[in-house]
Amino acid sequence: MSQGPRSGLYAVSSALLAMSRHLEVRDVLKTIVASARELLDAQYAALGVPDDHGGFAQFVVDGVSDAQWKAIGPLPRQHGILAAMLHEARPERLADVRKDPRFEGWPAAHPDMSDFLGLPIRDGDEVIGALFLANKNRTKENQKDCSAPDGGCGFTEDDQELLTILAQHAAIALTNARLYERSRELTIAEERSRLAHELHDAVSQKLFSLRLTAQAAAALVDRDPARAKGELHQVAMLAAEATEELRAAVIELRPAALDEDGLVATLRTQIQVLDRAHSAHVTFAGHGVRALPAAQEEAMLRVAQEALHNALRHSGAGRVDVTLEKRGTGTVLRVSDDGSGFEPTAVRAAGRHLGLVSMRDRSSGVGGTLSVESAPGKGTTIEMEVPGG
């Protein structure tokens, strides 16, 4: 390859590792484009994922500023060279894309491009994207090896071979990301269905109890005011429990603050509220953690919420400490309490009741691991570790 075996293999390896670290489709697309542009030393790179209506469902660029991208306007349609890569499923390497008969012009704000290398991204027989580069930065090499009439070409046959390798692995990464997102959508749908059933059952039971207790209080008001007062206290308690269950269900359905503030700020805010609401002292510390993919942040938030719920409601803890920190190449969430603890081997049968099964599923679903350390009278520590951060 034109970069030399050592540097070329290292660059390819780095690009493939970068692609494999992401689970969200958008993150994968951005990594593919940035890796391709860096690997082949091009000024511009783009990747389009076609829709079924002659346009692109997603279109990611690298080398174009946000202001330029906004000025360019709507996403391109599937025409010209892009259509050739998508519909004919063949590579295109041109000395000057503007001289190709299929060239149909660009918007006024579009950057000027000349030499061009593009190829389809395929999953079996299906074309799932078009990846292209423009304006190679280095001195033009191997000029005679080009399909253009003038014989000059910025991108070489070696460049095309290198991009082909990258595109093959990009297809795997993109397909895996799509499968992950579909799996996550199904999991969310199942979770919402489960919550809907639980919410319906819980609310129905609480309202039924409220109704009966209120009727009993009304019947006792005249002949036994003291008992009626006790029943009204029970009504207030049931109403408070119903309110708490509804609030917990709503929080689990949509953690809006996570999208706006990120994991560290969301955890800190929620733990401050819990510290004020409970007799136990609840603390939070975050150390050097950068933003994680959305799926990982949501999973870590859910695990933290479940662990905190167990510690505050079931363990009798006087102190609960939550930490989020960088460890090697990963990020670790730790929830420790000084409560009653339990025997982990004896509680496996009751694991679903304590949320341990749910926490393990959430952790493994984003490529993480979960560990639980506990002993009777010794408190409990739950750790979740995910790659990245």
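What you see is a predicted model; the values in this text were computed from it and never measured. (Residues numbered from 1 in each chain as written. Predicted model: local features only at pLDDT ≥ 70, side-chain atom pairs only at ≥ 80, totals over all residues. Heavy atoms only, no water.)

Looking only at helices and strands, the chain features 10 helices and 10 strands. Among the 389 residues that make up the chain, the fraction classed as buried is 41%. Sequence separation of at least 24 residues holds for 62% of the intrachain contacts in the chain that already meet a minimum separation of 6. On the chain, roughly 20900 Å² of surface is accessible, and the fraction owed to carbon and sulfur atoms is 53%. (Helix = DSSP H or I, 4+ residues; strand = E, 2+ residues; numbered from the N terminus. Buried < 20%, exposed > 50% of the residue type's maximum accessible area, 1.4 Å probe, protein only. Contact = heavy atoms within 4.5 Å. Areas by Shrake-Rupley, 256 points an atom, 1.4 Å probe, with all protein chains shown as cover.)

One finds Leu-263, Leu-267, Met-300, Val-320, Leu-324, Leu-333 and Met-384 to be the most contacted residues of the largest nonpolar core, which totals 35 residues. Of all elements in the fold, only α8 (263-277), β6 (281-287), α9 (294-313), β7 (319-327), β8 (330-337), α10 (356-365), β9 (369-374) and β10 (380-387) reach the threshold of two or more residues within this core. Apart from residues no more than four positions distant in its own chain, Met-384 is found in contact with Ala-299, Met-300, Val-303, Thr-331, Val-332, Leu-333, Ser-363, Val-366, Thr-369 and Leu-370. In this structure, Leu-29, Leu-117, Ile-121 and Ala-167 belong to the second largest nonpolar core, which totals 29 residues. (Core = buried A, V, L, I, M, F, W, Y, C linked by side-chain atoms within 4.5 Å.)

Turning our eyes to something else, we now look at the sheet that holds strand β3 (residues 92-94). Backbone-to-backbone hydrogen bonds pair the strands of a sheet. The strands run either parallel or antiparallel. Strand order across the open sheet formed by 5 strands is β2-β1-β5-β4-β3, with antiparallel pairing between neighbours. Only two strands of the sheet have a single partner each, and these edge strands are β2 (56-62) and β3. Taking the axes of each pair of neighbouring strands and ignoring which way they run, one obtains an average angle of 15° across the sheet. Across 8 bridges, the pairing between strand β4 (residues 116-123) and strand β5 (residues 126-136) is antiparallel. Looking across to β5, one finds that Leu-119 is bridged to Leu-131. Packing against the sheet, helix α2 (residues 25-39) makes contact with β1 (42-50), β2 and β5, and its axis sits at approximately 40° to β2. (Pairing = 2+ DSSP bridges. Axes fitted to C-alpha atoms, helices over the stretch in contact; angles between N-to-C directions.)

As a further point, take the packing of aromatic side chains. A complete count under the given rule lists 5 aromatic pairs for this structure. Seen in terms of ring centroids, Phe-103 and Trp-106 are 4.8 Å apart; in terms of plane orientation they differ by 75°. Their pairing is edge-to-face. Linked through ring pairs, Phe-56, Phe-59, Trp-69, Phe-116 and Phe-132 together constitute an aromatic cluster. (Phe/Tyr/Trp six-rings, centres within 6.5 Å; stacked < 30°, edge-to-face > 60°.)

Glancing now at the confidence of the model for the chain. With 77% of its residues at a pLDDT of 70 or more, the chain has an overall mean of 80. Within the model, pLDDT remains below 50 along residues 140-152, and this stretch shows 26 contacts once partners closer than five positions in the same chain are excluded. (pLDDT = per-residue confidence, 0-100.)

Attention now moves to the pairing of β4. Burial analysis of β4 places 6 of its 8 residues in the buried class, the great majority of the element. Both β3 and β4 contribute to a ladder of 3 bridges, which runs antiparallel. Among the inter-strand pairings, Glu-92 is bridged to a residue of β4, identified as Gly-118. Two successive antiparallel strands, β4 and β5, enclose a turn made up of 2 residues, where Gly-124 displays a positive phi of approximately 70°.

Right, let's get into the side chain of Asp-100. On the secondary structure map, Asp-100 appears in the loop between β3 and β4. Relative accessible area serves as the criterion here: at 12%, Asp-100 is assigned to the buried category. Reaching out from Asp-100, the side chain makes a polar contact with the backbone nitrogen of Arg-102 at a distance of 2.8 Å. Discounting residues that sit within four places of it in the chain, Asp-100 has contacts with Ile-81 and Leu-94. (Polar contact = N/O pair within 3.5 Å; in protein donor to acceptor, adjacent residues only side chain to side chain.)

This part takes up the sheet that holds β9. What the 5 strands build is an open sheet, ordered β6-β7-β8-β10-β9; its pairing is mixed. In this open sheet, the two edge strands, each paired with only one partner strand, are β6 and β9. Across the sheet, the mean angle separating the axes of adjacent strands is 10° when strand polarity is ignored. Pairing between β8 and β10: 8 bridges, direction antiparallel. Each residue of the ladder has a partner; that of Asp-337, found in β10, is Thr-380. Across the sheet, α8 is in contact with β6, β7 and β8; its angle to β6 comes to roughly 165°. Sheet contacts for α9: β6, β7, β8, β9 and β10; angle to β8, the most-contacted strand, approximately 10°.

Quick look at the layout of surface pockets now. By volume, the second largest pocket is sized at about 490 Å³. Every residue lining the second largest pocket is counted, 28 residues in all, and those nearest its centre are Pro-76, Leu-82, Trp-106, His-110 and Phe-132. Classifying every residue of the lining of the second largest pocket by side-chain character gives 20 nonpolar, 4 polar and 4 charged. (1 Å grid on protein atoms, 1.4 Å probe; cavity = no way out; pocket = protein on both sides within 12 Å on 5 of 7 lines; lining within 4 Å. Points joined across faces, edges and corners; volume = space filled by probe spheres on them. Nonpolar A, V, L, I, M, F, W, Y, C, P; charged D, E, K, R; others polar.)

This next bit is on the pattern of salt bridges. Applying the stated criterion across every chain yields a total of 14 salt bridges. A salt bridge links Arg-102 to Asp-100; the nearest nitrogen and oxygen atoms lie 2.8 Å apart. Among the residues examined, Arg-102 registers a relative accessible area of 24% and is labelled partly exposed. Bridged by salt links that share partners, the residues Glu-88, Arg-90, Glu-92, Asp-100 and Arg-102 form one connected network. (Salt bridge = Lys/Arg side-chain N within 4 Å of Asp/Glu carboxyl O.)

Attention now goes to the packing of α8 against α9. Taken N-terminus to C-terminus, the directions of α8 and α9 make an angle of 15°; their axes are 10 Å apart at the nearest point. Taken together, α8 and α9 sit at an angle that is classed as roughly parallel. Between α8 and α9 lies a crossing whose hand is right-handed. Counting all contacts with α8, which are made through Leu-263, Thr-266, Leu-267, Gln-270, Ile-271 and Leu-274, the residues of α9 involved are Glu-297, Met-300, Leu-301, Ala-304, Gln-305, Leu-308 and Leu-312. Grouping the constituent residues of the contact of α8 with α9 by class yields 9 nonpolar, 3 polar and 1 charged. (Parallel < 35°, antiparallel > 145°, perpendicular 65-115°, else oblique. Left-handed = near helix turned anticlockwise from the far one by under 90°.)

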